[in-house]
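Results of the structural survey
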Amino acid sequence: MNIYHKQYDVLVVGAGHAGCEAALAATRMGCDTLIVTINLDTIAKMSCNPAIGGLAKGHIVKEIDALGGEMAKNIDKTGIQFRQLNTKKGPAVRSSRAQADKKAYQDEMKGVLERQPHLDIKQVLVDELLTEDGKCIGILGHTKTAYLAKTVILTTGTFLKGLVHLGDVSYSAGRAGESSAEKLSESFLGLGFEIGRLKTGTPPRVNAHTVNFDAMEIQPGDAHPRPFSFSTEKITQSQMPCYLTYTNERTHQIIRDNLHRSAMYSGRITGIGPRYCPSIEDKVVRFSDKDRHQIFVEPEGRDTDEIYLNGISASLPEDVQVEMVRSIEGLENAEIMRFAYAVEYDFAPATQLSSTLETKRVENLYFAGQLNGTTGYEEAAAQGLMAGINAALKVRGEESLILDRSQAYIGVLIDDLITKDIREPYRMFTSRAEYRLELREDNADLRLTEIGRQIGLVDEDAYDRFQIKRKRVQEELQRLNQTSLKPSPGTQDRLKASGIDEISKPTSLADLLKRPEIHYEQIQKIAPNQRSLPKAVEEQVEIQIKYEGYIRRQAVQIDQFKKMEHVRVPDDFDYESIGGLKTEAREKLAEIRPISIGQASRIPGVSPADISILMIWVEQYKRKKRQMGT
């Protein structure tokens, strides 16, 4: 075994969306960092849908940006279509989504990594984790070179014993055309980790020249696209249209007639797939009452003719895929460039991790991304960012960063992963966040930028912009609350001219804005701010005023939540000593080892009665510790 001459503070395995964020975060926080990947040409590759954001996922991207991550900046530079989703609904569930230029996104992120000082990048296939006295000290590459580091972050995606399925053909691969990591899982098992098996899939790609777009519904981007990053002033590049078509009864019959040839329905696949992003075979079987399913026809980039058929991922044989695709309106003559396939891979249930994403079994070892059972670039990037932050903080000898459920979707994501026994790919939804009115896209910077600045990820320029925005929001809120209109004839005329009902008593501008039918633009016509405000400030002011009552009620709920979160459970607490706990609760608590009473209350199998007993014992434990002077 050869030992590489340089030792690192942080070593990241894998350069997908989790690995890129982890490596950049650790390096920017002052750590000498190494990122290794099987293939340097696939850094930040979009294996499936070339898009960033979507429902709840857009929230996560905004949070990554507010903390100082890279994903939002990268999609702003390389996006080819931007859309705001759920615009007719409340601000809590409005989300951003952008179609990416797949290759440009990869190249841009690779360039960011290459230009980052104190970050080394190497093409290495990892075979084994190196440990000493219960601590991870590095990795062993396939060529028997060891790379040593104080902390190691694994972001292996779908590459652990990856197995691609296409009809009755199966072969080892992390993605089509890319080798899998066959030995690393054995290293996991040797260290005592539990390993499971999951499945995901991808749809066919077709040649644009063989698609009849005129037969489809056009899906343009927004006329005034919104950036993802709070540091991006404006999206300046042109946008490309997407299209919408549908499967039909003939499509469904072709699939039903060939289910026995599908890798998933023939029993070849044992891993569990994502419930909320099922294959087309699954849709036809599970939703047999539906006579059609949507297919979003999306370009993969500006300089390629590949078109992504979003909505028909499959593991059917190639001949069936051709027949299936050509049964769809607009795709009658389509030539498939890349066939759909399913991929199975090993994952490690995240109940084996602490809230910092450090493993409980091996110190200085962190897991992030699909390795933890998630699906989606955004969920992976968020975990990578947090693992990178916490690895760097550990190297620096500082307290870890743990975001709770009231602070960020990232907090919801990690808390769900480590407290719930997840046996299918986890995807984020707004419904998973109980405090979603507070966790909006528009206020991610107000929630998290201070934290990003404190840990050293938000630079001075970004922080200055944030402070200016925050000050302008506060000043305009103050002006609207303190400026009152009297029901004079002149005022009534101005109100009428702006489409606003008359007032019968002195009314503040803020109270006017609380009316559902009134918007900030109308207030500006009646009593304009002498200084022009950015659109983001105007929107923030309107949301805070219109939803003030709801936000105040949620703040009360968050205060109650915080009280439970602040009751800490000692790391060395002996659950076996607690009388009265159900056996299931005792086993779950001992396995997950919650850091607080609040987290304990969210563990499946732990009842409110168990929590009441636990609180009494924790208080007794702490009292004894105080009496002993420890």
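Here the structure is a predicted model, which means the values were calculated and not measured.

Calculation rules
Residues numbered from 1 in each chain as written. Predicted model: local features only at pLDDT ≥ 70, side-chain atom pairs only at ≥ 80, totals over all residues. Heavy atoms only, no water. Helix = DSSP H or I, 4+ residues; strand = E, 2+ residues; numbered from the N terminus. Expected span 1.5 Å × (residues − 1). Buried < 20%, exposed > 50% of the residue type's maximum accessible area, 1.4 Å probe, protein only. Contact = heavy atoms within 4.5 Å. Domains from an automatic or database assignment. Axes fitted to C-alpha atoms, helices over the stretch in contact; angles between N-to-C directions. Left-handed = near helix turned anticlockwise from the far one by under 90°. Nonpolar A, V, L, I, M, F, W, Y, C, P; charged D, E, K, R; others polar. Salt bridge = Lys/Arg side-chain N within 4 Å of Asp/Glu carboxyl O. Patch = residues over 30% accessible without salt bridge, like charges linked within 9 Å, V, L, I, M, F, W, Y side chains within 5 Å. Areas by Shrake-Rupley, 256 points an atom, 1.4 Å probe, with all protein chains shown as cover. Lys, Arg positive; Asp, Glu negative; His and termini not counted. Charge placed at Lys NZ, Arg CZ, Asp CG, Glu CD. Core = buried A, V, L, I, M, F, W, Y, C linked by side-chain atoms within 4.5 Å. Pairing = 2+ DSSP bridges. Phe/Tyr/Trp six-rings, centres within 6.5 Å; stacked < 30°, edge-to-face > 60°. Arc of directions from axis to C-beta.

Side note on helix α11 (residues 444-455)
Between the first and last C-alpha of α11 there are 17 Å, a value that for twelve residues agrees with the 16 Å anticipated at 1.5 Å per step. Among the residues of α11, Ala444, Asp445, Arg447, Leu448, Thr449, Ile451, Gly452 and Ile455 are the ones counted as buried. Structurally, α11 contributes buried residues whose contacts are with α2 (57-67), α9 (377-396) and α12 (460-482).

Some words on the domain arrangement of the protein
Here the protein is partitioned into domain 1 (205-343), domain 2 (475-553) and domain 3 (567-629). Between the C-alpha centres of domain 1 and domain 2 there is a distance of 46 Å.

Quick word on the packing of α11 against α12
Close contact between α11 and α12 brings their axes to 11 Å; oriented N to C, the two are set at 145°. Crossing angle aside, the handedness with which α11 passes α12 is left-handed. Residues Asp445, Leu446, Thr449, Glu450 and Arg453 of α11 form the contact with α12, whose own contacting residues are Glu460, Tyr463, Phe466, Lys469 and Arg470. Tallied by class, the residues present in the contact of α11 with α12 amount to three nonpolar, one polar and six charged.

Section: the pattern of salt bridges
Overall, the coordinates contain 44 salt bridges when judged by the stated rule. Between Arg28 and Glu70 there is a salt bridge whose closest N-O contact spans 2.9 Å. With Arg28 in helix α1 (residues 17-28) and Glu70 in the loop between α2 and α3 (71-78), the pair connects residues that are 42 residues apart, well separated along the chain. Take Arg28: its relative accessible area is 27%, and that puts it in the partly exposed class. Between Glu434 and Arg405 there is a salt bridge; the shortest N-O distance is 3.0 Å. With Glu434 in the loop between α10 (409-419) and α11 and Arg405 in the loop between α9 and α10, this pair connects stretches of sequence that are 29 residues apart.

A short note on unusual backbone geometry
Here Lys161, not a glycine, exhibits a phi torsion of approximately 50°, which is positive. Along the chain, Lys161 falls in the loop between β10 (145-154) and β11 (163-166). With a phi angle near 70°, Asn364 is a residue other than glycine that sits in the positive phi range. Looking at the element boundaries, Asn364 is found in the loop between β20 (341-347) and β21 (365-367).

Description of a negative patch on the surface
Together, Asp459, Glu460, Asp461 and Asp464 give the surface a local cluster of negative charge. Its location among the elements puts Asp464 in helix α12. Given a relative accessible area of 33%, Asp464 falls into the partly exposed group.

Some points on the nonpolar core
Core analysis: the largest hydrophobic core is formed by 96 residues, its most contacted members being Ile389 and Ile410. Looking at which element gives the most residues to this core, the answer is α9, with eleven residues. Beyond its immediate stretch of four places on either side in the chain, Ile389 contacts Ala25, Met29, Leu401, Ile455 and Leu457. The next biggest cluster of nonpolar side chains, apart from the first, holds 25 residues, and it includes Ile280, Val284, Leu331 and Ala340.

Points about the sheet that holds β11
In spatial order, the strands read β12-β11-β20-β13; together these four strands make up an open sheet with antiparallel pairing. Of all the strands in the sheet, the pair left with one neighbour each is β12 (169-172) and β13 (196-202). The sheet shows a mean angle of 25° between the axes of neighbouring strands, taken without regard to direction. Across three bridges, β11 lies against β20 in antiparallel orientation. When the sheet's bridge partners are listed, Leu163 is paired in β20 with Glu344.

Overview of the packing of aromatic side chains
Enumeration over the complete set of coordinates arrives at ten aromatic pairs. Ring geometry for Phe188 and Phe367: centres 5.3 Å apart, planes at 15°, overall stacked. Residue Phe188 is found in helix α5 (residues 184-190), and its partner Phe367 is found in strand β21; the two are separated by 179 residues along the sequence. Assessed through its relative accessible area of 0%, Phe188 is described here as buried. Since its relative accessible area comes to 1%, Phe367 is described here as buried. With a centroid separation of 5.3 Å and an interplanar angle of 50°, the aromatic rings of Phe193 and Phe367 are classed as tilted.

A look at helix α8 (residues 318-325)
For α8, the complete set of buried residues consists of Val320, Gln321, Met324 and Val325. Seen end-on, α8 carries its buried residues on one side only, within an arc spanning 125°. Turning to α8, the residues buried within the fold contact β11, β14 (205-207), α6 (249-257), α7 (280-286), β18 (306-310) and β19 (336-338).

Observations concerning the sheet that holds strand β4 (residues 51-53)
Taken in spatial order, the three strands line up as β4-β6-β5 in an open sheet, and their pairing is antiparallel. Every interior strand has two partners, whereas the edge strands, β4 and β5 (79-85), have only one. Adjacent strand axes in the sheet meet at a mean angle of 15°, parallel and antiparallel pairs treated alike. Two elements, β4 and strand β6 (residues 95-100), share three bridges in a ladder whose sense is antiparallel. Note on β6: the bridge partner recorded for Ala51 is Gln99.

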